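Descriptive structure summary
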Amino acid sequence: MADGVKPRVKAPKKAAAGDVVTLKTLISHKMESGQRKGSDGNLIPRSIINRFTCEFNGKSVIDVTLEAAISTNPYFEFEATVPEAGDFKFTWYDDDGSVYDETKSVAIG
Amino acid sequence: MNFKTMSLISAVALALPTLGMADADDDTLVINEEIEMTTKAAAPAHLDGALGDKVMSGWHFRSDETQAMEMDDFDNPGMLGVEDGEVIWNTVEGSEGKSCASCHGESSEMAGVKATYPKWNDGAEEVRTLQMQVNDCRVNQMGAEAYGYDKGGALPLEALLSSVSRGMPVNVAIDGPAQSTWEQGKDIYYTRFGQLNLSCANCHEDNYGNMIRADHLSQGQVNGFPTYRLKNTKLNGSHSRFKGCIRDTRAATFNPGSPEFVALELYVTSRGNGLSVEGPSVRN
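What you are looking at is a predicted structure, and each value in this text was computed from that prediction instead of being measured. (Residues numbered from 1 in each chain as written. Chains lettered and ligands numbered in written order. Predicted model: local features only at pLDDT ≥ 70, side-chain atom pairs only at ≥ 80, totals over all residues. Heavy atoms only, no water.)

1. Some remarks on the environment of Thr253 of chain B
Residue and element names in this part refer to chain B. Relative to the assigned elements, Thr253 resides in the loop between α9 (238–247) and α10 (259–270). A relative accessible area of 27% means that Thr253 is categorised as partly exposed. Once residues within four sequence positions are removed from consideration, Thr253 is found in contact with Lys243, Ile246, Arg247 and Phe261. (Helix = DSSP H or I, 4+ residues; strand = E, 2+ residues; numbered from the N terminus. Buried < 20%, exposed > 50% of the residue type's maximum accessible area, 1.4 Å probe, protein only. Contact = heavy atoms within 4.5 Å.)

This is the structure:
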């Protein structure tokens, strides 16, 4: 696991059925591109988050492929319709095989 | 390297005298829809009109997108540093088996402290920056090692201490025992450095509002430090910023933590007395 990786999500706790809500996510990650050289002249190996997904009650909301040019601490902001009460599940996939996730429940009301 | 300095010369030669004012904007800064920030304030009397009647936070000179990042803690990557600072605050270190929290309680107890630094310390008979005070606690209270200036835990802790003071007016004392240090800082501010022969005032006083290449010159205030810069995607201390600005005039520069930069920090901070403590801010 890369150092200092921590996922964060901002989502509303409540929505009316059918509402479009804004979701914000950020994962602290160095996103080492694999293109840079260290002080010893050798390439620093690539280490990035390569995929990010969001599901609502098991259904895909977004599924993103990340490339090496994306900067430190990738941030995503997007909208989703909330048809019913349930859980948003956010998942980040690291080059080194680590998987980080976070769940946010939304109530209807 | 050469490209950068060469283009700076041409920028200074061409851009400053010719371009018109692209003034600071009139947006208002409210953080988390809750903390109302004073980003324009009546100029302190000691400036004697040098910045007109108003001092302004560097926030006004940034693009709308950069400004927006500071309006919600979730969008402000500098808050990651604050979280790191909070962890350090509660971590026991050193031979005395203490954390910052052991003596000071919650970090929020420190609200208001950042607004008064750099500050004269009677016992040590010196002007101390916040980082110097923190190091004093680490060495003499905790039996832990001092941080290097703008290094290690120093900036996360400074960001934490700043975040709990956000919205409070910067109010550093410049008289009494601090006065001679303040005068020294003022001298440095008006000294021309480097092959470009420019003082801080030549850029941040005579030309704020103008474009220097693609950058919108601000008044060079430090109320927003530490700043998260999009350029290097990390927290930056004010001394490191001073160093970069002097280096851009093609001069050898002072080091972060040097007596010269401590004096300069006191002086520059006093130019923003009345602005809100804004750190960790977001800049490009």
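Moving on from the model shown.
2. Let's talk about the layout of surface pockets
All names here are of chain B. As a volume, the second largest pocket reaches approximately 290 Å³. Considering the residues around the second largest pocket, the lining is formed by 18 residues, among which Trp89, His104, Met110, Val134 and Cys137 are closest to the centre. Sorting the residues of the lining of the second largest pocket by element identifies α4 (100–104), α5 (130–142) and α6 (154–163) as the ones contributing at least two each. Considering each element in turn, the lining of the second largest pocket owes the most residues, seven residues, to α5. Here the lining of the second largest pocket is built from residues that sort into twelve nonpolar, four polar and two charged. (1 Å grid on protein atoms, 1.4 Å probe; cavity = no way out; pocket = protein on both sides within 12 Å on 5 of 7 lines; lining within 4 Å. Points joined across faces, edges and corners; volume = space filled by probe spheres on them. Nonpolar A, V, L, I, M, F, W, Y, C, P; charged D, E, K, R; others polar.)

3. Remarks on the sheet that holds strand β9 (residues 227–229) of chain B
Strand pairing in a sheet is mediated by backbone hydrogen bonds. Such pairs are either parallel or antiparallel. Residues and elements named next belong to chain B. Pairing within the open sheet is mixed, and its three strands lie in the order β10-β9-β11. Looking at which strands have only one partner, the edges of the open sheet turn out to be β10 (234–236) and β11 (281–283). Put simply, the sheet's adjacent strands are angled 40° from each other on average, direction ignored. Sheet analysis places β9 next to β11, joined by three bridges and oriented parallel. Bridge pairing in β11 places Arg229 opposite Arg283. (Pairing = 2+ DSSP bridges. Axes fitted to C-alpha atoms, helices over the stretch in contact; angles between N-to-C directions.)

None of this, on its own, says anything about what the molecule does.
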